[in-house]
Amino acid sequence: MLDGRGGLTIDGEVSLLDATVTGPAHFEGATLRNPGGAALTAHGLTAGSLLNLCDGFTAEGRVRLANASVASRLCFNDATLRAPGDTALSCWRVDTRELSMRWDTAPEGGVDLRHATVGILRDRPGRWPTPLDLDGLRYDVLDPPLDAAARLPWVDRGPHGFRPQPFEQLAATYQALGDGAQARTVLLAKHRRQNAGFAWYARLWGHLQDVTVGYGYRPLRAAFWLMALLVVGIAANVRMDPAPVDPGQTTKFQPVIYTMDLLLPIIDLGQERAFQPTGANQWLAYFLIVAGWLLATTIAAGLTRSLRRA
């Protein structure tokens, strides 16, 4: 057991490099001061149960716990960390069953949780630090769970811009809870964020997929667009009396079937081949054909993405 409670105050760096503590390590209420340097270095620390840096713990300087292993709980509840302009807390590749980060105030400086492995991750919304690097972080449970809209700002606070893994991990957590709608919201946000970094032509294609099928996560949008185009086409074609391509043919013009024939690129209902529109109706026919192909292509892309997820 390591006991640093009872108003412990240390000026300078505390080093627990590659130390092994068979029982709990308590630093509740302790103050470690080394401004501009490391207040606590515990790379490779192995704690047999708890590592409590909480309940009034104050560090003026960096807290470095890279590769630490804490058997039960690593706690920062109501702690104060100050390392402005630096990484206030490094938990790179930390392994613990529970990580509780319900800060008294948001740390002054960044927090690095890259490639950490956590069972339960507890935090306090509104006290998230900036930057917060979650790239590679794995966890089973979030407490509080919150909905996707509230969690999305949390996964996008990294110092190096967009990273897909934090979004995918959050979506997997919702999926494990059986909340597919929240998972789809997160994955849709991931694709939108990713699309912003592409070249202009790729962004254009991404926006088209977003509007039409929500990158495959909003498939009912395709049905809406199909119905909207069908209504527009029927309303315009119902007043049309096109000349048949073959004057001797007996096929009767059907506005509904004709519009469907234009919109559905794979199905041949015979109307498009039988009648030739003129003037403005010809341009409308071109528009419906192009719209149908674009809609079919984006639906296919969305379905492909859905199948890959499955």
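None of the values given here were measured: they were computed from a predicted structure.

A count of helical and extended segments in the protein gives eight helices and 18 strands. Taking 310 residues into account, the globule formula puts the C-alpha radius of gyration at 19 Å, and the protein, at 29 Å, lies well above it. Overall, the protein is about 100 × 35 × 25 Å in size when its C-alpha atoms are taken along their principal axes. When the 310 residues of the protein are sorted by exposure, 45% land in the buried category. Nonlocal contacts in the protein, meaning residues at least 24 apart in sequence, comprise 50% of its contacts between residues at least 6 apart. As presented, the protein carries roughly 15300 Å² of accessible surface, and 57% of it is formed by carbon and sulfur atoms.

Attention shifts here to a nonpolar patch on the surface. A surface patch of nonpolar side chains, about 440 Å² in accessible area, is lined by Val256, Ile257, Ile266, Ile267 and Leu269. By secondary structure assignment, the location of Ile266 is in the loop between α6 (255–263) and α7 (271–274). Assessed through its relative accessible area of 77%, Ile266 is described here as exposed.

Attention now moves to the packing of aromatic side chains. Summed over the entire model, instances satisfying the criterion amount to six aromatic pairs. The structure contains a cluster of three or more aromatic residues connected by ring pairs, namely Trp128, Tyr139 and Trp154. Positioned above the aromatic ring of Trp92 is the side chain of Arg93, whose terminal nitrogen or guanidinium carbon lies 5.6 Å from the ring centre. Here the basic side chain of Arg151 rests over the ring of Trp154, its NZ or CZ set 4.7 Å away from the ring centre.

Here we come to the pairing of strand β13 (residues 108–112). A regular strand places its side chains on the two faces of the sheet in alternate fashion. Most of β13 is tucked away: four of the five residues are buried. Across four bridges, the pairing between strand β11 (residues 80–90) and β13 is parallel. If you follow Leu89 over to β13, its bridge partner there is Val111. Relative to strand β15 (residues 132–133), β13 is paired through two bridges, and the arrangement is parallel. Its bridge partner lying in β15, Val111 is registered against Leu132.

Looking now at the layout of surface pockets. If a probe as big as a water molecule is rolled over the atoms, it shows which places are left empty. By volume, the largest pocket is sized at about 210 Å³. Counting only elements with at least two residues in the lining of the largest pocket, the list comes to α5 (220–237) and α8 (280–309). Within the lining of the largest pocket, the residues separate by chemical class into ten nonpolar, one polar and no charged.

Following both chains from N to C, one finds α5 and α6 inclined at 130°, their axes separated by 9 Å at the closest point. When the axis of α5 is compared with that of α6, the two are oblique. Along this stretch, α5 crosses α6, giving a crossing that reads as right-handed. Listed contacts from α6 to Leu226, Leu229, Leu230, Gly233, Ile234 and Asn237 of α5 are Pro255, Val256, Tyr258, Thr259, Met260 and Leu263. Taken together, the residues of the contact of α5 with α6 sort by class into nine nonpolar, three polar and no charged.

Turning our eyes to something else, we now look at α5. In this model, α5 (18 residues) spans 26 Å end to end at C-alpha, consistent with the 26 Å of a helix rising 1.5 Å per residue. Within α5 the residues assigned to the buried category are Ala222, Leu229, Leu230, Gly233, Ala236 and Asn237. Around the axis of α5, the buried residues are gathered within 135° of arc, so they sit on the same side. Of the exposed residues in α5, the ones pointing more than 90 degrees away from its buried face are Leu220, Phe224 and Val231.

The next point concerns the nonpolar core. Within the largest apolar cluster, 58 residues are counted, with the highest numbers of intra-cluster contacts made by Leu65, Phe76 and Leu89. Sorting elements by how many residues they give to this core places helix α3 (residues 180–195) first, with five residues. Excluding residues that lie within four positions of it along the chain, Leu65 makes contacts with Leu40, Ala42, His43, Leu51, Leu53, Leu74, Phe76, Leu89, Ser90, Cys91, Trp92 and Val94. In this structure, Leu230, Phe253, Phe275 and Ala285 belong to the second largest nonpolar core, which totals 14 residues.

One pass over the structure, following the stated rule, counts one cavity of 30 Å³ or more. Space inside the largest cavity adds up to approximately 60 Å³. In terms of lining, the largest cavity is formed by Met101, Trp103, Leu113, Leu121, Asp123, Trp128, Pro129, Leu132 and Trp154. A per-class count over the lining of the largest cavity returns eight nonpolar, no polar and one charged.

The next subject is unusual backbone geometry. Across the junction of Thr130 and Pro131, the peptide omega takes the value 0°, indicating a cis bond. Positionally, Pro131 belongs in the loop between β14 (117–123) and β15. Each neighbour pair has its own omega, and for Asp143 with Pro144 the value is 0°, a cis peptide bond. Counting through the fold element by element, Pro144 comes out in the loop between β16 (138–143) and α1 (148–155). Here the phi dihedral of Asp18 falls at roughly 55°; this positive angle occurs in a residue that is not glycine. Relative to the helices and strands, Asp18 resides in the loop between β3 (14–15) and β4 (20–21). Classification of Asp18 as exposed rests on a relative accessible area of 55%. Phi is positive for Asp55, close to 50°, though the residue is something other than glycine. Considering the arrangement of structural elements, one finds Asp55 in the loop between β8 (50–52) and β9 (58–64).

Rules used throughout
Residues numbered from 1 in each chain as written. Predicted model: local features only at pLDDT ≥ 70, side-chain atom pairs only at ≥ 80, totals over all residues. Heavy atoms only, no water. Helix = DSSP H or I, 4+ residues; strand = E, 2+ residues; numbered from the N terminus. Rg over C-alpha atoms; globule rule 2.2 N^0.38 Å. Buried < 20%, exposed > 50% of the residue type's maximum accessible area, 1.4 Å probe, protein only. Contact = heavy atoms within 4.5 Å. Areas by Shrake-Rupley, 256 points an atom, 1.4 Å probe, with all protein chains shown as cover. Patch = residues over 30% accessible without salt bridge, like charges linked within 9 Å, V, L, I, M, F, W, Y side chains within 5 Å. Salt bridge = Lys/Arg side-chain N within 4 Å of Asp/Glu carboxyl O. Phe/Tyr/Trp six-rings, centres within 6.5 Å; stacked < 30°, edge-to-face > 60°. Lys NZ or Arg CZ within 6 Å of the ring centre and 35° of its normal. Pairing = 2+ DSSP bridges. 1 Å grid on protein atoms, 1.4 Å probe; cavity = no way out; pocket = protein on both sides within 12 Å on 5 of 7 lines; lining within 4 Å. Points joined across faces, edges and corners; volume = space filled by probe spheres on them. Nonpolar A, V, L, I, M, F, W, Y, C, P; charged D, E, K, R; others polar. Axes fitted to C-alpha atoms, helices over the stretch in contact; angles between N-to-C directions. Parallel < 35°, antiparallel > 145°, perpendicular 65-115°, else oblique. Left-handed = near helix turned anticlockwise from the far one by under 90°. Expected span 1.5 Å × (residues − 1). Arc of directions from axis to C-beta. Core = buried A, V, L, I, M, F, W, Y, C linked by side-chain atoms within 4.5 Å.

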